[in-house]
Amino acid sequence: MAGGEAWRPPRSCEDYWAEWKQCRGLRHAFHHYYAHGELPSCGQWRADYSACRAWERGAGAAAQEALCKSERSRVLEKQKYAPVWTLRKSPPPDWYLPLNQDKPKTSSHQLRCKQRDLELAHA
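As a starting point, this report considers the structure included with it. Positions within a chain are numbered from 1, following the residues in the order the chain's sequence is written. Only residues with pLDDT of at least 70 get local features here, since the model is predicted, and only at 80 or more are side-chain atom pairs given and counted; chain-wide, interface and lining totals rely on the full set of residues. Calculated side-chain values reflect all of the structure's heavy atoms, with hydrogen atoms and water omitted.

**Notes on the overall build of the protein chain**
Where we set the bar: Strands here are runs of E lasting at least two residues and helices are runs of H or I lasting at least four, both read from the DSSP assignment and numbered beginning at the N terminus. Between buried and exposed lies partly exposed: a residue is buried under 20% and exposed over 50% of the maximum accessible area for its type, with that area taken using a 1.4 Å probe on protein chains only. All accessible areas in this document rest on Shrake-Rupley with a 1.4 Å probe, and a residue is counted as covered only by the protein chains that are shown.
The number of helices and strands found in the protein chain is five helices and zero strands. The secondary structure elements of the protein chain, listed N-terminal to C-terminal, are α-α-α-α-α. Out of the 123 residues in the protein chain, the part that is buried amounts to 17%. For the protein chain, the exposed area adds up to about 11200 Å²; of that, 57% sits on carbon and sulfur atoms.

Shown next as structure tokens:
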């Protein structure tokens, strides 16, 4: 403890409580089930809240270590997944050219019909 100030939890205890309540909500449960095929496990948020309260009461190093370990694993979990898109270093070489949005799009069926009409006209 540098400077005589007490160590504090990484987040406020109300943040853990809010995360736990949000995790237990029906909307989050439905979304999580839709996305992952299983209901969310919210027990870690509740355990983190209890450890945070114990840390604030000065219950000991066990609560502090448990909370720090949980936060570290949460950060590592976020870093495990690669981003979906690769970031560009510079813009494409033709970035300043206008897009072809003004031209009507022709499908392959329309092109075949035009080609057939031309063949019939020349025959």
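**Topic: the nonpolar core**
Quick note on the threshold: Residue types Ala, Val, Leu, Ile, Met, Phe, Trp, Tyr and Cys, when buried and joined through side-chain atoms within 4.5 Å, form a set referred to as a nonpolar core.
Of all hydrophobic cores here, the largest spans 13 residues; its most connected members are Y16, W45, C52 and L67. Here this core gets six residues from one element, more than from any other, and that element is helix α3 (residues 43-57).

**Quick notes on a nonpolar patch on the surface**
Rules: A residue counts toward a patch only above 30% relative accessible area and without a salt bridge, and it is joined to like-charged neighbours within 9 Å or, for Val, Leu, Ile, Met, Phe, Trp and Tyr, to nonpolar neighbours within 5 Å. Here, a salt bridge means any Lys or Arg side-chain nitrogen found within 4 Å of an Asp or Glu carboxyl oxygen.
A surface patch of nonpolar side chains, amounting to about 410 Å² of accessible area, comprises W95, Y96 and L97. By secondary structure assignment, the location of L97 is in the loop between α4 (61-80) and α5 (108-122). With relative accessibility at 45%, the residue L97 sits in the partly exposed group.

**Remarks on the state of the cysteines**
Our working rule: Any cysteine sulfur atom paired with another within 2.5 Å is treated as part of a disulfide.
Summed over the entire model, instances satisfying the criterion amount to two disulfides. Put simply, C13 and C52 are joined by a disulfide, and their sulfur atoms are 2.0 Å apart. On the sign convention where negative means left-handed, the S-S torsion of about -90 degrees between C13 and C52 marks this disulfide as left-handed. Note that C13 is positioned in helix α1 (residues 13-24) and C52 in helix α3, a separation of 39 residues in sequence. Across the pair, exposure class does not vary: C13 and C52 are buried alike. A disulfide bridge connects C23 with C42, and the sulfur atoms are separated by 2.0 Å. Given an S-S torsion of about -80 degrees, the disulfide between C23 and C42 has left-handed geometry. Highlighted residues: C23 in helix α1 and C42 in the loop between α2 (26-36) and α3, separated in sequence by 19 residues. Exposure remark for C23: the relative accessible area of 6% places this residue in the buried category. Since its relative accessible area comes to 12%, C42 is described here as buried.

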